[in-house]
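Architecture and fold: a report
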Amino acid sequence: MEQTAPANFVMMTLNEMSNLLISQIDLQSSRKDFPTLNQSQKKQLRDFVAGIKLYSSHSISKHLYNGDVVLEEGTTKVFKYGNKGKPILIIPSLINKASILDISKDFSFILRLKNLGFLPYLIVWNDPEGSELEFNLDDYQKRLVRIIKNLDKKFIILGYCMGGIMALKAFKNIKKQVSRIITIATPWAFTEKKFDAFGNADFSFLKSLRLVPKEFIRDIFYFADLSAANNKYIKLGKGEINLDEFAMIENWVNDGINMSLNLFYDLQNMIKSNSLNECNLAEIDVPCFNIIGQFDSVCPISTTIPLPSKLPNATAKFYDSGHVGLIIKDKHNIAADVANWCNI
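A quick note: this is a predicted structure, and the numbers were derived from the prediction, not measured.

1. Focus: the overall build of the protein chain
- From N to C terminus, the protein chain includes 14 helices and 12 strands.
- The long-range fraction of contacts in the protein chain, counting pairs at least 24 apart against all pairs at least 6 apart in sequence, stands at 81%.
- Put simply, the protein chain shows about 16,100 Å² of open surface, and 51% of that area lies on carbon and sulfur atoms.

Here it is as structure tokens:
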């Protein structure tokens, strides 16, 4: 099922910003107090503005989840894709929507798995409501365990990003239902300097809120790596990136999940204290496949590479890819590699 959606959820802000930047370039010739830009810097700035304008004026067809809802608990849903194949349960992050895994017919990681002989089940986290407004990380972890037990099947478990952390932490409670575990872009050591700013930041001003807005969470990631955020718009303005693909992914980035305050603080504490060490990976005795992007800027390789060495039966594979490219780009053949590793 398809519906048309605006490409930009903050269109006015981007348009205003691009117009402001252009006016600043033009003001340079008449204001002595304005910083002097050389020709290369002017070109970069104009390409950046051109990228913003392209994205803000673009619309795409937004692909909705193509599976059938087979289980619900609160706002959390489980979608099933088909009726035959090897059951594989996909666990996404709690930070961004699961739609990245089934973003369009041409770029759906879920459909690629299905076409290779899997029977995909996708967990979809949504904005918290009611009692979920008080949920912390442990509450979501317990919900995950209940969902798997209620599905009453033996699964290959695949966790994307933080979903991999949740899968590994849940294992001790669901081990009879797990045959293999796959992690994609899953961090296990938050030693990068970019995480220090988040882990040590004073977010006490959020205490008056019950929900941390998705825009605030998005901007934390942007400010953690401003050059990467700027460069993607520069590349778009220069015509080096396909506009449809860019808008599709940027929509997903801008349309995240509002987060309960307790969950936000738990994630901050987890990063600050590296408290993932409380999970005894040595007890995970099923085969594990760790997929790592060598150019991942969201979870840099220094955060993901420690994981396979801590698992007793792990296979790691490295790809020339970033965080999202691991599941969007079919050129990496990751779905096929997963099928081969699972003997399908």
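What follows picks up the thread again.
2. Thoughts on empty space enclosed by the protein
- In the structure shown here, the tally under the stated rule is 1 cavity of 30 Å³ or more.
- One number sums up the size of the largest cavity: a volume of about 40 Å³.
- Lining the largest cavity, in full, are Leu94, Trp125, Asn126, Pro128, Tyr140, Ile257, Asn258, Met259 and Leu263.
- Class assignment for the residues of the lining of the largest cavity results in 7 nonpolar, 2 polar and no charged.

3. Some thoughts on the pairing of strand β6 (residues 118–124)
- Of all 7 residues in β6, 7 are buried; the element is thus mostly enclosed.
- Neither face of β6 is open: one carries Phe118, Pro120, Leu122 and Val124, the other Leu119, Tyr121 and Ile123, and all of them are buried.
- Pairing of strand β4 (residues 76–80) with β6 involves 4 bridges; the strand directions are antiparallel. In the sheet register, Lys77 faces β6, and the bridge partner there is Val124.
- Summarising the sheet, strand β5 (residues 86–91) and β6 pair through 5 bridges and their orientation is parallel.

4. Quick notes on the environment of Asp127
- Mapped onto the elements of the fold, Asp127 is located in the loop between β6 and α4 (137–151).
- Judged by relative accessible area, which is 29%, Asp127 ranks as partly exposed.
- Leaving out residues up to four positions away in the same chain, Asp127 has contacts with Thr75, Glu132, Gly256, Ile257 and Asn258.
- A polar side-chain atom of Asp127 sits 2.9 Å from the main-chain amide nitrogen of Asn258.

5. What to know about the packing of aromatic side chains
- Following the criterion strictly, the structure yields 18 aromatic pairs and no others.
- Where Tyr233 meets Phe246, the ring centres are 5.2 Å apart and the plane angle is 75°; that geometry is what we call edge-to-face. Note that Tyr233 is positioned in helix α8 (residues 226–237) and Phe246 in helix α9 (residues 243–254), a separation of 13 residues in sequence. As far as burial versus exposure is concerned, Tyr233 and Phe246 are alike and both buried.
- Pairwise contacts between aromatic rings join Phe198, Phe203, Phe205, Phe216, Phe264 and Tyr265 into one cluster.

6. A few points about the pairing of β4
- In terms of burial, β4 is a largely internal element, 4 of the 5 residues being buried.
- Of the pairings in the sheet, the one linking strand β3 (residues 68–73) to β4 comprises 5 bridges and is antiparallel in character. When the bridges of β4 are listed, Leu71 appears paired with Val78.
- Linking β3 back to β4 in an antiparallel pair, the connection comprises 2 residues, with Gly74 at a positive phi of about 60°.

7. So, the sheet that holds strand β11 (residues 288–293)
- Taken in spatial order, the 8 strands of this open sheet run β3-β4-β6-β5-β7-β8-β11-β12, and their pairing is mixed. The open sheet terminates on both sides in strands that have one partner only, identified here as β3 and β12 (314–319). The average angle at which neighbouring strand axes cross in this sheet is 20°, direction not considered.
- This element, α4, spans β3, β4, β5, β6 and β7 (155–160) of the sheet and lies at about 130° to β3.

8. A look at the packing of α8 against α9
- At a minimum axis separation of 11 Å, α8 and α9 run at an interaxial angle of 155°. Taken as axis vectors, α8 and α9 run roughly antiparallel relative to one another. Considering the relative orientation of α8 and α9, their crossing is left-handed. For the pair α8 and α9, contact is made by Lys232, Tyr233 and Leu236 and by Leu243, Phe246 and Glu250, respectively.

9. Some thoughts on α9
- Its 12 residues give α9 an end-to-end C-alpha distance of 16 Å, which sits within 8% of 16 Å, the value for a rise of 1.5 Å per residue.
- Regarding α9, the residues found buried are Phe246, Ala247, Met248, Glu250, Asn251, Trp252 and Asn254.
- Looking at where α9 begins, the residue whose side-chain oxygen comes 3.0 Å from the main-chain nitrogen of Asp244 is Asn242.

The rules behind the values
- Residues numbered from 1 in each chain as written.
- Predicted model: local features only at pLDDT ≥ 70, side-chain atom pairs only at ≥ 80, totals over all residues.
- Heavy atoms only, no water.
- Helix = DSSP H or I, 4+ residues; strand = E, 2+ residues; numbered from the N terminus.
- Contact = heavy atoms within 4.5 Å.
- Areas by Shrake-Rupley, 256 points an atom, 1.4 Å probe, with all protein chains shown as cover.
- 1 Å grid on protein atoms, 1.4 Å probe; cavity = no way out; pocket = protein on both sides within 12 Å on 5 of 7 lines; lining within 4 Å.
- Points joined across faces, edges and corners; volume = space filled by probe spheres on them.
- Nonpolar A, V, L, I, M, F, W, Y, C, P; charged D, E, K, R; others polar.
- Buried < 20%, exposed > 50% of the residue type's maximum accessible area, 1.4 Å probe, protein only.
- Pairing = 2+ DSSP bridges.
- Polar contact = N/O pair within 3.5 Å; in protein donor to acceptor, adjacent residues only side chain to side chain.
- Phe/Tyr/Trp six-rings, centres within 6.5 Å; stacked < 30°, edge-to-face > 60°.
- Axes fitted to C-alpha atoms, helices over the stretch in contact; angles between N-to-C directions.
- Parallel < 35°, antiparallel > 145°, perpendicular 65-115°, else oblique.
- Left-handed = near helix turned anticlockwise from the far one by under 90°.
- Expected span 1.5 Å × (residues − 1).

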